[in-house]
2 protein chains.
Amino acid sequence: MRRILVTVSYDGTAYSGWQKQKNENIKTVQGEFERACKRLFKTEIGTIGASRTDAGVHALGQRAVFDIDSTIPTDRIPMALNSFLPEDIVITAAEDAEADFNPRFAAKSKTYEYKIYNSPFRNPIYRNFTEYVREKLDVTKMKQAAEAFVGEHDFKGFCSSGNSSKTTVRTIYGISVEKDGSVITIRVTGNGFLYNMVRIIAGTLIYVGNGKIDPSDMADIIASGDRIRAGKTAGPLGLTLMEVVY
Amino acid sequence: MRRILVTVSYDGTAYSGWQKQKNENIKTVQGEFERACKRLFKTEIGTIGASRTDAGVHALGQRAVFDIDSTIPTDRIPMALNSFLPEDIVITAAEDAEADFNPRFAAKSKTYEYKIYNSPFRNPIYRNFTEYVREKLDVTKMKQAAEAFVGEHDFKGFCSSGNSSKTTVRTIYGISVEKDGSVITIRVTGNGFLYNMVRIIAGTLIYVGNGKIDPSDMADIIASGDRIRAGKTAGPLGLTLMEVVY
């Protein structure tokens, strides 16, 4: 048996998230991926993903492993799998991994981008890949507030109920807020993220941008551990898993 | 009666182009737009668009006019129409126009962008808004070749059969080719464009980028008026109508 580690891109708009569901009528990325594996390798294949992205969340750098007996060369696997995948899921790389390599627990860091379309009118071209915010956001204040997230913090105020992690302490290595035309991109890298953490950070920075939260209160809001003091959970379509580093 | 000039954005992926078809089962942007007008103004409304964008082509700056008796303030029209439009069509502006203003014939210039996703693997997030090209394109050569299009030329080699214009002479005011990550954007402004002209220019520049056409032959290919010497017509999804200037 060989363990293969692949990089997966997807437009998550049409999917109920990465994680396969018991009900096979629920369309998931992992479900489609395992169906393609079965067609290529002619046997049932179980897969483990690095991140359980939610319904509507996208990925350009999701990682996943599976074990095969096949002698197909590793570098041929992406093209071969892609021929069995729908056009909204693309395998972009494959490499050999250790037999016990777990892409979730081995992750040293993950990077997400959260995109906001900020304009008086919606943009139909970006509608599935951005969160729409009509009121003008103050990006300078958002940048200022973002600084408070960097470092090791107990992020228990920044996770949704349903979070199953043992500890709510996480380290954010870096966060940036950049505006390009009407699109604001929040890019955040950390050693791990709690359930909905990036979407709550984005929702909180939107509140900073529209003046509901003052940037100088950010550190205090994080330290309070109070979910109520943070912003709303921003929608899933603005979120993309960019990279997992091992 | 008042004539209203609106600006229209759309994701053209799901539409058989702008132009309304006799067969009402064929989904068109103009058809959806007139249906929204009818619901808002409670009467049949005819519309005239600036550009008959093809099936799959997008717009961020299409323009269209219609006549109404309604006393609704002009600046309220976009929001009111948007509430009756599907999410892939958005009216972003409205202004009053002269009673005989024709958005097609009055256009002084139009700007289109053609986007190419150039990478060893497809990107599912850009799939409906770019033309996918696997082989690496030489952007420097594409920039060089693009210069030859600027100015007044007889573009009869750069239009598809079915072109109905009286003359095939058009003036290109400017063309740029820029690469950002894996996305190459060709932006072209001219006094008007023949049927499929921008898509043939894009297809020809792709041939320059992959070495099938030498940049130094570009002026000669244009002057020849020979459709066969130009490149293939690039796909519709990469094309977006950005702006119409009056």
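These numbers come from a predicted model, not from an experiment.

Q: Looking at this structure, how should I read the pairing of strand E3 (residues 58–68) of chain B?
A: Each regular strand carries side chains that alternate between the two faces of the sheet. All names here are of chain B. In terms of burial, E3 is largely enclosed, as 9 of its 11 residues are buried. Here strand E1 (residues 2–10) pairs with E3 via 8 bridges, running antiparallel. For Thr7, the partnering residue across the bridge sits in E3 and is Arg63. Relative to E3, strand E2 (residues 47–49) runs antiparallel, the two being bridged by 3 bridges. By the bridge assignment, Ile48 is partnered in E3 with Val65. Bridge count between E3 and strand E10 (residues 239–245): 2 bridges; the pairing is parallel. Of the residues in E10, the one forming a bridge with Ala59 is Leu241.

Q: Please clarify how the side chain of B:Asn82 should be interpreted in this entry.
A: Here B:Asn82 is to be found in helix H2 (residues 77–82). Take B:Asn82: its relative accessible area is 17%, and that puts it in the buried class. Setting aside chain neighbours within four positions, we find B:Asn82 in contact with A:Phe121, B:Ile89, B:Val90 and B:Ile91.

Q: Got a minute to help me understand the interface of chain B and chain A in this structure?
A: Interface size is commonly expressed as the accessible area that is lost once the parts come together. At the junction of the two partners, chain B supplies 23 residues and chain A supplies 23 residues. Across the chain B to chain A interface the summed buried area is about 1,800 Å²; carbon plus sulfur atoms make up 71%. Joining chain B to chain A, the criterion identifies 4 salt bridges. In this structure, B:Arg127 and A:Glu87 form a salt bridge, with 3.5 Å as the shortest nitrogen-oxygen distance. Put simply, the parts of the chain that give the side of chain B that touches chain A at least two residues each are E1, E3, H2 and strand E4 (89–97) of chain B. If one sorts the elements of the side of chain B that touches chain A by residue count, E4(B) sits on top with 4 residues. Looking at the side of chain B that touches chain A, its residues break down into 11 nonpolar, 6 polar and 6 charged.

Q: Help me understand the packing of helix H3 (residues 139–146) of chain B against helix H4 (residues 197–209) of chain B in this model?
A: The packing of two helices is summarised by the inter-axis angle and the distance between the axes. Residue and element names in this part refer to chain B. At a minimum axis distance of 8 Å, the contact between H3 and H4 shows a crossing angle of 135°. In terms of axis orientation, H3 runs oblique to H4. Two packed elements cross with a definite hand, and for H3 against H4 that hand is right-handed. In this structure, H3 uses Lys141, Met142, Ala145 and Ala146 to contact H4, whose residues at the interface are Leu205, Ile206, Val208 and Gly209. Class assignment for the residues of the contact of H3 with H4 results in 6 nonpolar, 1 polar and 1 charged.

Q: Which parts of the structure should I look at to understand the relation of the copies chain B and chain A?
A: Superposition of the two copies of the chain requires a rotation about an axis together with a shift along that axis. Overlaying chain B on chain A yields an RMSD of 0.0 Å, the required transformation being a rotation through 180° with an accompanying axial translation of 0.0 Å. What we have between these two chains is a two-fold relation. Among all residues of chain B, the minimum C-alpha distance to the rotation axis is found for B:Tyr126, at 5.0 Å.

Q: Before we go on, may I ask you to explain the environment of B:Ile72 in this structure?
A: Residues and elements named next belong to chain B. One can find Ile72 in the loop between E3 and H2. Judged by its relative accessible area of 18%, Ile72 is buried. Taking the C-alpha atoms as reference points, Ile72 and Phe41, separated by 31 residues in sequence, lie 9.3 Å from one another. In this structure Ile72 touches Arg2, Phe41, Ile77 and Ala80, once residues within four positions along its chain are discounted.

Q: Would you take a moment to explain the pattern of salt bridges for this structure?
A: Pairs can form between side chains of opposite charge once their charged atoms are near each other. Within this structure, the stated rule accounts for 26 salt bridges over all chains. The closest approach of N and O atoms between A:Glu32 and A:Arg35, which form a salt bridge, is 3.1 Å. Taken together, the residues A:Glu32 and A:Arg35, both in helix H1 (residues 29–41) and 3 residues apart, mark about one turn of the helix. With its nearest N and O atoms 3.0 Å apart, the salt bridge here joins B:Glu44 to B:Lys38. By relative accessible area, B:Glu44 is classed as exposed at 61%.

About the cut-offs
- Just so you know, the residues in each chain are numbered from 1, in the order the chain's sequence is written.
- For this description, chains carry letters from A and ligands carry numbers from 1, given in the order in which they are written.
- Local features in this predicted model are restricted to residues of pLDDT 70 or higher, and side-chain atom pairs are both shown and tallied only at a pLDDT of 80 or more, whereas totals for entire chains, interfaces and linings draw on every residue.
- Side-chain numbers here rest on the full set of heavy atoms in the structure, without hydrogens or water.
- Exposure categories follow from relative accessible area, calculated using a 1.4 Å probe and restricted to protein chains: below 20% of the type maximum is buried, above 50% is exposed, and the middle band is partly exposed.
- Each helix corresponds to a stretch of at least 4 residues labelled H or I by DSSP, and each strand to a stretch of at least 2 residues labelled E; elements are numbered beginning at the N terminus.
- Following DSSP output, two strands are said to pair if at least two bridges run between them.
- Contacts: residue pairs with any heavy atoms within 4.5 Å of one another.
- Here the buried area means the combined drop in accessible surface, using a 1.4 Å probe, for two parts upon being joined, counting both sides.
- The term salt bridge refers to a side-chain nitrogen of Lys or Arg lying within 4 Å of a carboxyl oxygen of Asp or Glu.
- When residues are sorted by character, Ala, Val, Leu, Ile, Met, Phe, Trp, Tyr, Cys and Pro go into the nonpolar class, Asp, Glu, Lys and Arg into the charged class, and all the rest, Gly among them, into the polar class.
- To get an axis, a line is fitted to the C-alpha atoms, and for a helix only the part in contact is used. The angle between two axes follows their N-to-C directions and goes from 0 to 180 degrees.
- These descriptions rest on fixed angle ranges, namely under 35 degrees for roughly parallel, over 145 for roughly antiparallel, 65 to 115 for roughly perpendicular, and the rest for oblique.
- The hand of a helix crossing depends on one turn: near helix anticlockwise from the far one by less than a right angle means left-handed, and clockwise means right-handed.
- Alignment of the copies relies on least squares applied to C-alpha atoms, considering only residues that score at least 70 for pLDDT in both.

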